[in-house]
Amino acid sequence: MALRFFNTYSRDLEQFHPRDPNGRKIDIYTCGPTVYSRAHIGNFRAYIFEDLLQRHLELRGYNVHRVMNITDVDDKTIRGAREAKIPLQEFTAPFKQAFFQDIERLRIKRADDFPAATDQIYIDKMIAMISTLIARDLAYQAEDKSVYFRINRFPDYGKLAHFDLTQLQSTGRVKHDEYDKEHIGDFALWKAWDEEDGDIGWESPWGRGRPGWHIECSAMATALLGDQIDIHCGGVDNIFPHHEAEIAQSEGCTGKKFVRYWLHCAHLLVDGQKMSKSLGNFYTLADVLEKGYTGREIRYALMRVHYRAPLNFTWDGMEEARQSLGRIDDWLTRLRETAGNKIDVAGTTQRTDAANNFEETLDDDLNISAALGFLFETIRETNRAMDRGELDPASANAWLNWWERVDSVLAISDGENEIPAEVSKLAREREQARLAKDWRKSDELRNELNARGWETRDTKDGQKITRRAGA
RNA sequence: GGCGGGGUAGCCAAGUGGUAAGGUCGCGGUCUGCAAAACCGCUAUUCGCGGGUUCGAUUCCCGCCCCCGCCUCCA
């Protein structure tokens, strides 16, 4: 099956065709974090979806160039810096650092570029774009000195969200001191400095101020990827107004179609509800790690549901993720034992079929659930063959090679676990106790190993110890 | 009110105009000193509800109900 994705713009599944005439190079722009606090697991669901997308495109032979912006100036960062009585950069730095730590723990590939909104080159680019928009009558400076986009002059405004502009209602989420706008839907490109901004601001043709949120992404995307990009991703809540505004700004400047495919990830719910601090169901990655779950377990839990379906985060779900990964770990351990020392043996026809199923399923708008279904079916079939002693080393190796491809997309395999000397000493003692049929001592040692996070299994080839899932 | 996404077993979830993948949990069995893992078996006569089309619908059409989100700076 050819690659296809659900494009928010058309609300339809579309075959994927990159702009690159050779069909190999793909540009992706993804909206990154606002660094005013630790990102929460809902944010990471979106980033994991984007990572899955990139990894699958790469498995399919595409050369992906991805940009993720860092918003390091906005109302919240300014407020945070003011309350902490420290410079803005000093306030955002630790959150940037935490963000990079978090994505590493979740095995999210780093983007090729992480432009920050406060980089002078992007501020300059934003100012240049705003000037162009004003020159084209698509923007105006209002009485309050801020510059706004004039949505009535951009006929396509509302096409992405499929909104009728006359229906726009204020939700009161934004402070409404913006009476100077011509239309309630006009959004700020440049926000005039006010007292609350303190010493944060940049000089511009319209006076001191700071960029609006939307213009950042237009400036950084076009600066790094050009006037047109293949795929732009984000959470569904960014469709309107953020991405709608990006289209208006970018196309208003370049006159070219900005994005070919808009992909949006559904929300993460926690216990069936939106995360919020007041409900006490608000989790950062650190919160979940503290409960004893590992990065790959969290990655799996956030990845296993299709990106366009709402995902309900629960602790039962985390436990399920742990058990599922344990099943995969044990399967790999067995395959490696069966394969012995052989490496790089040519695959079997059976392997190829499974590979196609896994990959073709992902081609269909990243159908991860079906892809995992194929993986687990494969696991059962090969386990059955190994139980019967019917899987030869060459086939086991072929499966391991297949897994390498699968895991290049999923990125969920367990690291190599070195067995600590102390643990292997206990294991040897238990082996001796078992030979002596001293079951009491043997069981005590098993409990001891268990307490240290290691599980023992007595097989016909002798005792095996493995690291317990999550330990 | 407008615009979306979703409603399939205890929980998570795939899927198709032809009779329900997979994961997890639970129960029984094989194996084991006992376990663990693995494997085998059982667990939705049924896919939110009501109509319609059809030889046949969970899948198509119409109506309705419920959950979640967006509607101007939340991924």
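Thresholds applied
- All chains use their own residue numbering, which begins from 1 and follows the written sequence.
- Chain letters start at A and ligand numbers start at 1, both assigned in the order the entries are written.
- Residues qualify for local features only when their pLDDT is at least 70, as the model is predicted, and side-chain atom pairs are given and counted only at 80 or more; totals for whole chains, interfaces and linings, by contrast, use all residues.
- Calculation of side-chain values draws on the structure's entire complement of heavy atoms; hydrogens and water are dropped beforehand.
- Each salt bridge in this description consists of a side-chain nitrogen of Lys or Arg and a carboxyl oxygen of Asp or Glu lying within 4 Å of one another.
- A run of DSSP states H or I qualifies as a helix once it reaches four residues; a run of E qualifies as a strand once it reaches two. Both are numbered from the N-terminal end.
- Partly exposed residues are those whose accessible area sits between 20% and 50% of the maximum for their type, while under 20% is buried and over 50% is exposed, using a 1.4 Å probe and protein chains only.
- At least two DSSP bridges between two strands are required for those strands to pair.
- Only C-alpha atoms enter the line fits that serve as axes; for helices the fit covers just the stretch in contact. Angles between N-to-C directions range over 0 to 180 degrees.
- Domain start and stop positions are those given by an automatic or database domain assignment.
- Residues are said to line a cavity or pocket when one of their atoms sits within 4 Å of a point; the points come from a 1 Å grid over protein atoms alone, cavities being sets where a 1.4 Å probe fits but cannot get out and pockets being open sets with protein on both sides within 12 Å along at least five of seven lines.
- Grid points are joined across faces, edges and corners, and a volume is the space filled by probe spheres set on the points.
- As a working rule, the residues Ala, Val, Leu, Ile, Met, Phe, Trp, Tyr, Cys and Pro are called nonpolar, Asp, Glu, Lys and Arg charged, and the rest polar, with Gly in that last group.
- Here a pair means two rings of Phe, Tyr or Trp (six-membered ring of Trp) with centres within 6.5 Å. Their orientation is stacked below 30 degrees between planes, edge-to-face above 60, and tilted elsewhere.
- Patch rule: a residue counts if its relative accessible area is over 30% and it has no salt bridge; like charges are joined within 9 Å, and nonpolar side chains (Val, Leu, Ile, Met, Phe, Trp, Tyr) within 5 Å.
- Accessible areas in this description were obtained via Shrake-Rupley with a 1.4 Å probe; residue shielding takes into account the shown protein chains only.
- Two residue types count as positive, namely Lys and Arg, and two as negative, namely Asp and Glu; His and chain ends fall outside the count.
- The location of each charge is read from NZ of Lys, CZ of Arg, CG of Asp or CD of Glu.
- Contacts between residues were defined by any pair of non-hydrogen atoms, one from each residue, lying within 4.5 Å.
- Should an angle fall under 35 degrees it is taken as roughly parallel, and over 145 as roughly antiparallel, whereas 65 to 115 is taken as roughly perpendicular and any remaining angle as oblique.
- The hand of a helix crossing depends on one turn: near helix anticlockwise from the far one by less than a right angle means left-handed, and clockwise means right-handed.

Asks: What is the right way to read the pattern of salt bridges from this model?
Replies: Pairing between side chains of opposite charge can happen when the charged atoms of each approach one another. Applying the stated criterion across every chain, the model contains 37 salt bridges. For Lys 256, the salt bridge goes to Asp 227, with nearest N and O atoms at 3.1 Å. Of this pair, Lys 256 sits in the loop between helix 6 (239–254) and strand 10 (259–265) while Asp 227 sits in the loop between helix 5 (213–225) and strand 9 (229–235), and the two are 29 residues apart along the sequence. Between Arg 452 and Glu 422 there is a salt bridge, with its nearest N and O atoms 2.4 Å apart. Placement of the pair is Arg 452 in the loop between helix 14 (439–451) and strand 14 (454–459) and Glu 422 in helix 13 (residues 421–435), with a sequence separation of 30 residues. A relative accessible area of 35% places Arg 452 in the partly exposed class. Each member of the salt-bridge network shares a partner with another, and the members are Arg 19, Lys 25, Asp 27 and Asp 230.

Asks: Even after reading the chapter, I still don't get the sheet that holds strand 4 (residues 63–68), so can you show me in this structure?
Replies: Through backbone hydrogen bonds, the strands of a sheet pair up, either in parallel or in antiparallel fashion. Taken in spatial order, the four strands of this open sheet run 4-3-9-10, and their pairing is parallel. Both edges of this open sheet fall to strand 4 and strand 10, since each of them pairs with a single strand only. Neighbouring strand axes in the sheet, compared pairwise and without regard to direction, differ in orientation by 20° on average. Across three bridges, strand 3 (residues 25–30) lies against strand 9 in parallel orientation. Looking at strand 9, one finds that Thr 30 is bridged to Cys 233.

Asks: For this particular structure, what's the right way to read the domain arrangement of chain A?
Replies: By convention, interface size is frequently given as the accessible area that disappears when the constituent parts associate. Domain boundaries assigned for chain A yield domain 1 (4–265), domain 2 (285–410) and domain 3 (421–467). Using C-alpha coordinates to define each centre, domain 2 is positioned 28 Å away from domain 3.

Asks: Is there a simple way to think about the sheet that holds strand 13 (residues 311–313) in this case?
Replies: A sheet is described by the order of its strands in space; here three strands give the open sequence 12-11-13, paired in mixed fashion. In this open sheet, the two edge strands, each paired with only one partner strand, are strand 12 (273–274) and strand 13.

Asks: How should empty space enclosed by the protein be read in this particular structure?
Replies: In this approach a probe as big as a water molecule rolls over the atoms, and the regions it shows empty are the leftover space. Applying the stated criterion across every chain, the model contains three cavities of 30 Å³ or more. When its volume is computed, the largest cavity comes out at roughly 90 Å³. Contributing to the lining of the largest cavity are Arg 45, Ile 48, Phe 49, Leu 52, Leu 302, Met 303, Val 305, His 306, Tyr 307, Leu 366 and Ile 368. Put simply, the parts of the chain that give the lining of the largest cavity at least two residues each are helix 1 (41–59) and helix 8 (295–303). When residues in the lining of the largest cavity are grouped by element, the largest group, four residues, is from helix 1. The residue makeup of the lining of the largest cavity, split by class, is nine nonpolar, one polar and one charged.

Asks: What am I meant to see in the packing of aromatic side chains here?
Replies: Any two aromatic rings considered together are summarised by their centre-to-centre distance and by the angle between their planes. A full pass over the atoms with the stated rule returns 25 aromatic pairs. On the numbers, 5.8 Å between centres and 75° between planes, the contact of Phe 44 with Tyr 47 is edge-to-face. You can see Phe 44 and its partner Tyr 47 sitting in helix 1, three residues apart, about one turn around the helix. By relative accessible area, Phe 44 is classed as buried at 0%. On the accessibility criterion, Tyr 47 (5% relative accessible area) is buried. Arranged with centres 5.9 Å apart and planes meeting at 55°, the rings of Tyr 283 and Phe 313 form a pair that is tilted. Here Tyr 283 is found in the loop between strand 12 and helix 7 (285–290), whereas its partner Phe 313 is found in strand 13, with 30 residues between them in sequence.

Asks: Is there a simple way to think about a positive patch on the surface in this case?
Replies: Together, Arg 327, Arg 380, Arg 384 and Arg 388 make up a positively charged patch on the protein surface. Topologically, Arg 327 is positioned in helix 9 (residues 315–339). Residue Arg 327 is classed as partly exposed on the basis of its relative accessible area of 38%.

Asks: When you look at the side chain of Ser 324 in this model, what are you seeing that I'm missing?
Replies: By the secondary structure assignment, Ser 324 is in helix 9. A relative accessible area of 13% means that Ser 324 is categorised as buried. Setting aside chain neighbours within four positions, we find Ser 324 in contact with Tyr 300 and Phe 376.

Asks: How do you make sense of the packing of helix 13 against helix 14 when you look at a structure like this?
Replies: Helix-helix packing is characterised by the crossing angle of the two axes and by the distance between the axes. The interhelical angle for the contact between helix 13 and helix 14, taken along N-to-C directions, is 160°, at an axis separation of 8 Å. Between helix 13 and helix 14, the angle is such that the two are roughly antiparallel. The crossing of helix 13 and helix 14 is left-handed. Of helix 14, the residues touching helix 13 (which contributes Val 423, Leu 426, Ala 427, Glu 429, Arg 430, Ala 433 and Arg 434) are Trp 439, Lys 441, Ser 442, Leu 445, Arg 446, Glu 448 and Leu 449. When its residues are assigned to classes, the contact of helix 13 with helix 14 shows seven nonpolar, one polar and six charged.

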